[in-house]
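Fold and geometry: a report
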Amino acid sequence: MKRQGKVTVIDMAMEKEDIEYRRQIVQEYKPDVEALIRYLPWLEEKAGSIVSETFTGSGIKEHSIAFPVYDSTLLNFVKTVQRTRLLDRNYRYIYSRHGLRSAKEELQAVSRSDITHMDVLRGILSKYVMGGMTKGRMWTEAVENGVFLHVVRKMKENLEFWDRPMG
């Protein structure tokens, strides 16, 4: 029904529905994202640095097992994410649907994600949070390569853009 240079009633109705959909997403995710925003200064400070150490035990050398000891703020961040609705146990489908295979591709996907692509941001966040529960290195990687930082920043940016009054 679209004609060159003219906006139809159908176009205006579709645009209104689109705006409503975006605002609905804002309301759905806002409380959870606000819980993560408080970690942005720490994530900015720690990007590119190591946030865990390896504890090997003292005095017991033969039968000791080395294990990672994480920065307490990182552990609090992970626990906060786990308490939100941002975790997506099906994040692998997001990865296959969007062809994400490397940290570089993840960061590119984050930068391209708008409010309608919160599933991509949730998927990337979920991969690292849930993966870190079995492969502890993933949490520190997500801080070092800036994945956590960029995901939380982008979520905040998307919500702030669509949460303001439209005039």
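Residues numbered from 1 in each chain as written. Predicted model: local features only at pLDDT ≥ 70, side-chain atom pairs only at ≥ 80, totals over all residues. Heavy atoms only, no water.

All right, on to the overall build of the protein then. For the protein, the count of helices and strands is eight helices and two strands. Listed N to C, the secondary structure of the protein is α-α-β-β-α-α-α-α-α-α in terms of helices and strands. Taking all 167 residues of the protein together, 38% fall into the buried category. If you take every contact in the protein between residues at least 6 apart in sequence, the share linking residues at least 24 apart comes to 71%. (Helix = DSSP H or I, 4+ residues; strand = E, 2+ residues; numbered from the N terminus. Buried < 20%, exposed > 50% of the residue type's maximum accessible area, 1.4 Å probe, protein only. Contact = heavy atoms within 4.5 Å.)

Following the criterion strictly, the structure yields five aromatic pairs and no others. Aromatic side chains Tyr39 and Phe77 sit 5.4 Å apart centroid to centroid with 80 degrees between the ring planes, which places their arrangement in the edge-to-face category. Pair noted here: Tyr39 is in the loop between α1 (9-37) and α2 (40-46) and Phe77 is in helix α3 (residues 72-82), with a separation of 38 residues, a long-range link. On the basis of an interplanar angle of 80 degrees and a centroid distance of 6.4 Å, the ring pair of Tyr128 and Phe148 is categorised as edge-to-face. Here the residue Tyr128 occupies a position in helix α6 (residues 118-131), and Phe148 occupies one in helix α8 (residues 147-162), the gap between them amounting to 20 residues. Members of the aromatic cluster, each reached through a chain of ring pairs, are Tyr39, Phe77, Tyr128 and Phe148. (Phe/Tyr/Trp six-rings, centres within 6.5 Å; stacked < 30°, edge-to-face > 60°.)

On to the nonpolar core, then. Core analysis: the biggest nonpolar cluster contains 44 residues, and Leu43, Leu74, Phe77, Ile124, Leu125 and Phe148 have the highest contact counts within it. Broken down by secondary-structure element, the contributors of at least two residues to this core are α1, α2, α3, α4 (91-98), α5 (103-112), α6, α7 (137-144) and α8. Those residues within four positions of Leu125 in sequence are excluded, and the remaining contacts are Leu36, Phe77, Val81, Leu86, Phe148, Val151 and Met155. (Core = buried A, V, L, I, M, F, W, Y, C linked by side-chain atoms within 4.5 Å.)

Now for the pattern of salt bridges. It is possible for side chains of opposite charge to pair when their charged atoms get near one another. A complete count under the given rule lists eleven salt bridges for this structure. Glu144 is paired through a salt bridge with Arg137; the nearest N and O atoms lie 3.3 Å apart. With a shortest N-O distance of 3.2 Å, Lys154 and Glu157 are connected by a salt bridge. Note that Lys154 and Glu157 are positioned in helix α8 at a spacing of three residues, about one turn of the helix. By relative accessible area, Lys154 is classed as buried at 13%. For Glu157, a relative accessible area of 44% translates into the label partly exposed. (Salt bridge = Lys/Arg side-chain N within 4 Å of Asp/Glu carboxyl O.)

Another aspect to go through is the packing of α5 against α6. Packed helix pairs are specified by the crossing angle of their axes together with the interaxial distance, meaning the distance between the axes. Axis separation between α5 and α6 bottoms out at 9 Å; the angle between their running directions is 145 degrees. Here α5 and α6 pass one another in a crossing that is left-handed. Along its contact with α5, which presents Ala103, Glu106, Ala109 and Val110, the element α6 presents Val120, Leu121, Ile124, Lys127 and Tyr128. (Axes fitted to C-alpha atoms, helices over the stretch in contact; angles between N-to-C directions. Left-handed = near helix turned anticlockwise from the far one by under 90°.)

To continue, consider α4. Think of an α-helix as turning once every 3.6 residues; residues three or four places apart then point the same way. Of all the positions in α4, only Tyr91, Ile94 and Tyr95 are classed as buried. Buried residues along α4 cover an arc of 100 degrees about the axis, so they all sit on one side. Facing away from the buried side of α4 by over 90 degrees, the exposed positions are Arg92, Tyr93, Ser96 and Arg97. Each element contacted by the buried residues of α4 is listed here: α5 and α6. Phi for Gly99, located one or two positions after α4, is positive at around 65 degrees. (Arc of directions from axis to C-beta.)

Take the side chain of Ser113 next. Examined against the element boundaries, Ser113 turns out to sit in the loop between α5 and α6. Among the residues examined, Ser113 registers a relative accessible area of 4% and is labelled buried. The residues contacting Ser113, other than those within four sequence positions of it, are Val120, Leu121, Lys154 and Asn158.

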